[in-house]
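# Structure assessment
Here's the letter readout for the chains.
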Amino acid sequence: MKQTGSTERMTTTEMNTSTYFNYYDTEPCYAENELNPTIMVAIFYLVFALGLLGNSTILWMLLKIMRIKTMTDVCLLNLAISDLITVFSLPSWALYNKGHLSEANAMCKLMVGTYQLGFYSSILFVTLMSIDRYLAIVHAVASLGARTLRYAVIASSVIWTISFCAALPGALFHNMIKDTENNTQCDWDIKDGSVKNWKLFLNFSQNTLGLFISLPVTIYCYIRILLVLRRTKNSKRGRAIKLIFAIVIVFVIFWVPYNVAVLLKSLQDLEVGDSCENSQHVQTALSVTEIIALAHCCINPVIYAFVGEKFRKCLAREFSKWLLCLKIYKPASMHSKTSENETSNTPI
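Residues numbered from 1 in each chain as written. Predicted model: local features only at pLDDT ≥ 70, side-chain atom pairs only at ≥ 80, totals over all residues. Heavy atoms only, no water.

For the rest of this paragraph, the subject is a nonpolar patch on the surface. A grouping of Phe245, Ile249, Ile253, Val288 and Ile292 is seen on the molecular surface, where their side chains present a nonpolar patch of about 420 Å² in accessible area. Residue assignment for the nonpolar patch shows that the elements contributing at least two residues are helix H6 (237–269) and helix H7 (276–294). Counting residues per element, the nonpolar patch draws most heavily on H6, which supplies 3 residues. (Patch = residues over 30% accessible without salt bridge, like charges linked within 9 Å, V, L, I, M, F, W, Y side chains within 5 Å. Areas by Shrake-Rupley, 256 points an atom, 1.4 Å probe, with all protein chains shown as cover. Salt bridge = Lys/Arg side-chain N within 4 Å of Asp/Glu carboxyl O. Helix = DSSP H or I, 4+ residues; strand = E, 2+ residues; numbered from the N terminus.)

Written out as structure tokens, the structure is:
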């Protein structure tokens, strides 16, 4: 799969070797493809299925059952939409990794654009949810005027605008490119210095967002929330503290390694510690950490929605209604069949 922050990627044929090119050098660097394409395709489809189920359930609950009433609801809605954008791009990436889209130039642009749009918007909405919870708990009274639906819609519009602008260059400058071994890959179409500069700029902007903005803001918000919760005497305090630790740990595990790998790749593109061996290690790290980061599509619904008491109660109530309808329908059907049998056996 194409790394959003990487310049070069593994070829998508089922070969044992891949070729990496240093655009500042004319010598190709040959590296073993350590990730099995079949396993990667299986992971893509698994994440697609789980992410589609979880995020579709959130959308259904928010739009049809609970309605959009608070800033938290708006954040949950947009986070689910963001994850679904990433989820819907995964089948295309699976086909691409099996070598079925080698000539689909438009599909290459679409895959990269949707994937990066989902990446940027997801991490920004996670950060917005952290800020929302911080305001709701640490500044409960003072933040009432700031946590309205109007401001939630404005904040969401700003995030989508930023995400679209950040994802657009990647989509524009990616094409299906053939290397010296005639293998086709969806990669940056670097023909002049401007595209190379865009690539480096976007890599560093991704690091700035993930490592230097979202991570510190998220950690700060939840540390302040923890300090407030420790002073309260609430029966659910322990559970809330565990949930906060889970949110921070999940954020660190799923996002930080990938952003560190992207940072190393960016430094490598600037010829800082650039060598064939380093290229191999960094490329492997990018592939592994990106697969880990993909799982956020499945984890976000669990962490931010299903764990919430209000959401779980509504979901349980709807499933109870559904099960009740099944129970009523079943005896009714059986009674109908019994009546038919009795009628057919009744002498005239």
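Now that the structure is up, let's keep going.
Let us look at the state of the cysteines. Taken as a whole and assessed by the stated rule, the structure comprises 1 disulfide. Paired through a disulfide, Cys108 and Cys186 show a sulfur-sulfur distance of 1.9 Å. Torsion about the S-S bond of the Cys108 and Cys186 cystine: about 80°, corresponding to right-handed handedness. Pair noted here: Cys108 is in helix H3 (residues 105–138) and Cys186 is in strand S4 (residues 184–188), with a separation of 78 residues, a long-range link. Residue class for Cys108 comes out buried when judged on its relative accessible area of 0%. Assessed through its relative accessible area of 0%, Cys186 is described here as buried. (Disulfide = S-S within 2.5 Å. Buried < 20%, exposed > 50% of the residue type's maximum accessible area, 1.4 Å probe, protein only.)

With that out of the way, let us pick up the UniProt feature "transmembrane region" (unreviewed entry) in the protein. The residues that UniProt annotates with the feature "transmembrane region" (unreviewed entry) are residues 42–63, 75–96, 116–136, 148–173, 209–229, 241–264 and 284–307. Spanning residues 75–96, this segment combines 100% helix with 0% strand, and its end C-alpha atoms are found 32 Å apart. Span residues 209–229 is 100% helix and 0% strand, its end C-alpha atoms 28 Å apart. (UniProt positions renumbered as here; feature names shortened; annotations may be inferred.)

So, about the confidence of the model for the protein. Chain-level statistics for the protein give a pLDDT mean of 78 and a share of 80% at 70 or above. Averaged pLDDT values for the elements of the protein fall to 40 in strand S1 (residues 17–21) and rise to 93 in helix H4 (residues 149–172). The low-confidence segment residues 2–27, where pLDDT is below 50, has 110 contacts with residues more than four positions distant or belonging to other chains. Overall, residues 334–348 carries pLDDT values under 50, and its contacts beyond four positions in sequence, including any with other chains, amount to 0 contacts. (pLDDT = per-residue confidence, 0-100. Contact = heavy atoms within 4.5 Å.)

Turning to the pairing of S4, a few remarks are in order. In terms of residue burial, S4 counts as a mostly covered element, since 5 of its 5 residues are buried. Of the pairings in the sheet, the one linking strand S3 (residues 174–178) to S4 comprises 5 bridges and is antiparallel in character. Its bridge partner lying in S4, Lys178 is registered against Thr184. (Pairing = 2+ DSSP bridges.)

Let's shift gears to the pattern of salt bridges. Between side chains of opposite charge, a pair can form as their charged atoms come close. Inspection of every chain in the model, using the stated rule, returns 1 salt bridge. Measuring nitrogen to oxygen at the nearest pair gives 2.7 Å for the salt bridge that ties Asp132 to Arg147. In this pair, Asp132 is assigned in helix H3 and Arg147 in the loop between H3 and H4, connecting sequence segments 15 residues apart. The class of Arg147 is partly exposed, set by a relative accessible area of 22%.

Let's shift gears to the layout of surface pockets. Put simply, the largest pocket is a space of about 900 Å³. Around the largest pocket, the lining is made up of 32 residues, and of these Arg133, Leu243, Val307, Gly308 and Glu309 lie nearest the centre. Among the elements of the structure, helix H1 (37–66), helix H2 (71–97), H3, helix H5 (193–231), H6, helix H8 (296–306) and helix H9 (309–345) are those that each provide at least two residues to the lining of the largest pocket. Ranked by the residues each element gives to the lining of the largest pocket, the list is headed by H6, at 6 residues. (1 Å grid on protein atoms, 1.4 Å probe; cavity = no way out; pocket = protein on both sides within 12 Å on 5 of 7 lines; lining within 4 Å. Points joined across faces, edges and corners; volume = space filled by probe spheres on them.)

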